[in-house]
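# Reading the structure
Chain by chain, the residues:
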Amino acid sequence: MPFKLMAAAIMICAAFAPAHANTTMDELVEAATQGGYENITSILVAKDGKVLAEHYFGGRDADTLHNTRSVTKSLTSMAVGAAIYQGALLDEHERVFQFFGDVGPHDNMSDLKRVITVRDLMTMSSALACNDNDPASPGYEDKMHERANWTEFVLNLPTMEGYARNEGGFGPFRYCTAGSFLIGQLLERAMGLSVDEFADDALFGPLGITRYEWYRSPSAEEQTGGGLLLSTRSLWKVAELVRAGGMWHGRRLLPKGWTSAMTSPQVSVDETTSYGYLWWVGEFKSATTSAAYPAYYMAGNGGNKVVVIPSLKMVTVITSTNYNTRGMHAQTTEMLERYILPAFERGAVHQGR
């Protein structure tokens, strides 16, 4: 299903939480358990690389693999960085269609398509006529899912009418899962490995992540645009790698500067939200102090969020199965702003009584 933009979920008004709220983690856990928040499956809060709180709900536990949907996209941008670090790609300005001559010629080929870059796909600003918030769009995600070969579907898409780049070289932002999927197929050709093999070698193996499951097309193509199953702790490790600038236990996995570019505003989504390289960039506001904290985060259908707040050295993972429901992102944003941030500010984040 299409991923709905979560801009409204980023700036949750303080009215969601009264000023006298006693914001402890115990209260958040109680709200998640008693139905105050729907379909929450796990919450993890860490500071400076150490887990402070970890809770599971609805029969899940630390071994559960969660389908966090489009959180997968952020991992895909990390895989691009790893491919650059290993020398398989020069940089994010590599042109996409040069890697797919083996399956050409492609429909609707034009000069606009020929110059599409990896950066265009990672910033959701390419010329492809693809918009997951518009069911009439040729590249709408569900239309791709109906096909047996997703690579062929994306490569044959037409381009957007009236497409033009701004002074920074970016086109307009339009959320496009098909473009994120195509990056995975490009990486396979660049690396000479399947996405599964490459991700395991470059990221999961070094991070000690041994359990995961890829969502695949009917023709077995790994979906690098969504559906990867990971545990809560694995999601935390991924965020910690980014927070550490691409270093893990003294070993560099991503190029210097890559995590900064990946999590910096590249294109504007709206007045309060930006997009980096398949990472969201915005801020979250404490309901008790009104302090606004700049953050970058992974997000997916259901309200799933993996949030990094650099100034607090804080990583929060919230997994949820609240798929395709109105307010799914607002719910998990409220959890962070009403309970987790205030508790963190007061040093009250703990595992419970």
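Residues numbered from 1 in each chain as written. Predicted model: local features only at pLDDT ≥ 70, side-chain atom pairs only at ≥ 80, totals over all residues. Heavy atoms only, no water.

## Thoughts on the state of the cysteines
Inclusion rule: Count a disulfide wherever a pair of cysteine sulfur atoms falls within 2.5 Å. Strands here are runs of E lasting at least two residues and helices are runs of H or I lasting at least four, both read from the DSSP assignment and numbered beginning at the N terminus.
In the structure shown here, the tally under the stated rule is 1 disulfide. Put simply, Cys 130 and Cys 176 are joined by a disulfide, and their sulfur atoms are 2.1 Å apart. Taking the sign of the torsion about the S-S bond as the criterion, the disulfide between Cys 130 and Cys 176, at about 95°, is right-handed. With Cys 130 in the loop between α5 (118-122) and α6 (141-145) and Cys 176 in the loop between α7 (150-155) and α8 (177-191), this pair connects stretches of sequence that are 46 residues apart.

## Here's the deal with the sheet that holds strand β12 (residues 314-320)
Worth spelling out the cut-off: At least two DSSP bridges between two strands are required for those strands to pair. Working rule for contacts: check all heavy atoms of both residues, and any pair within 4.5 Å makes them a contact. Axis angles are defined between N-to-C directions and span 0 to 180 degrees, where every axis is a line fitted to C-alpha atoms and, for a helix, only to the segment in contact.
Judged by pairing direction, the sheet is antiparallel, and its 8 strands sit side by side in the order β2-β1-β12-β11-β10-β9-β8-β7 without closing on themselves. Of all the strands in the sheet, the pair left with one neighbour each is β2 (50-56) and β7 (267-268). The pairing of strand β1 (residues 40-47) with β2 spans 6 bridges and is antiparallel. In the strand pairing of β2, Leu 44 is matched with Glu 54. The strands that helix α3 (residues 71-85) touches are β8 (274-275), β10 (292-300) and β11 (304-309); relative to β10, the one it contacts most, it runs at about 100°.

## Some words on helix α9 (residues 195-207)
For clarity, the cut-off: Two axes are fitted around each residue, one to the seven residues ending there and one to the seven starting there, and the angle between them is reported as the bend at that residue. Here the term buried applies to any residue with accessible area under 20% of the maximum for its type, exposed to any over 50%, and partly exposed to those in between, with areas from a 1.4 Å probe on protein chains only.
At Asp 201, α9 is bent by approximately 45°, the largest bend along its length. Residues Val 195, Phe 198, Ala 199, Ala 202, Leu 203, Phe 204, Pro 206 and Leu 207 constitute the buried set of α9. Contact partners of the buried residues in α9: α3, α8, β4 (229-230), α10 (232-243), β5 (247-248) and β6 (251-252). Within two residues after α9, Gly 208 carries a phi angle of roughly 75°, on the positive side.

## Here we look at the nonpolar core
We count it as follows: We define a nonpolar core as any set of buried Ala, Val, Leu, Ile, Met, Phe, Trp, Tyr and Cys residues linked to one another through side-chain atoms lying within 4.5 Å.
Counting residues in hydrophobic clusters, the biggest one holds 107 residues, and the most contacted among them are Met 78 and Phe 204. Here this core takes 8 residues from α3, the largest share from any one element. When near neighbours in sequence (up to four residues on either side) are disregarded, Phe 204 contacts Leu 75, Ala 199, Ile 209, Tyr 212, Trp 214, Leu 228 and Leu 230.

## Quick notes on the pairing of strand β9 (residues 280-285)
As paired strands, β8 and β9 are joined by 2 bridges and run antiparallel to one another. The residue of β9 that forms the bridge with Ser 274 is Val 281. Taken together, β8 and the strand that follows it, β9, pair antiparallel across an intervening segment of 4 residues, in which Leu 278 is found at a positive phi of about 65°. Relative to β10, β9 is paired through 6 bridges, and the arrangement is antiparallel. Within the sheet, the bridge partner assigned to Phe 284 lies in β10 and is Tyr 293. Here β9 folds back onto β10, and the loop between the two strands holds 6 residues, one of which, Ser 290, carries a positive phi near 65°.

## Thoughts on the confidence of the model for the protein chain
Here is the rule we go by: Per-residue confidence from the predictor is reported as pLDDT, which spans 0 to 100.
Chain-level statistics for the protein chain give a pLDDT mean of 92 and a share of 92% at 70 or above. Predicted confidence is poor over residues 1-22, with pLDDT under 50, and the contacts of this stretch with residues over four places away or in other chains come to 59 contacts.

## Observations concerning the pattern of salt bridges
The condition is simple: Whenever Lys or Arg places a side-chain nitrogen within 4 Å of a carboxyl oxygen from Asp or Glu, that contact is recorded as a salt bridge.
Enumeration according to the criterion identifies 9 salt bridges in this entry. When the shortest N-O distance is used, the salt bridge between Asp 48 and Arg 243 registers 3.6 Å. Taken together, the residues Asp 48 in the loop between β1 and β2 and Arg 243 in helix α10 connect sequence positions 195 residues apart. Residue classification places Asp 48 among the partly exposed residues on the basis of a relative accessible area of 45%. Between Arg 216 and Glu 222 there is a salt bridge, with its nearest N and O atoms 3.2 Å apart. Here the salt bridges do not stand alone but share partners, grouping Asp 48, Glu 240 and Arg 243 into one network.

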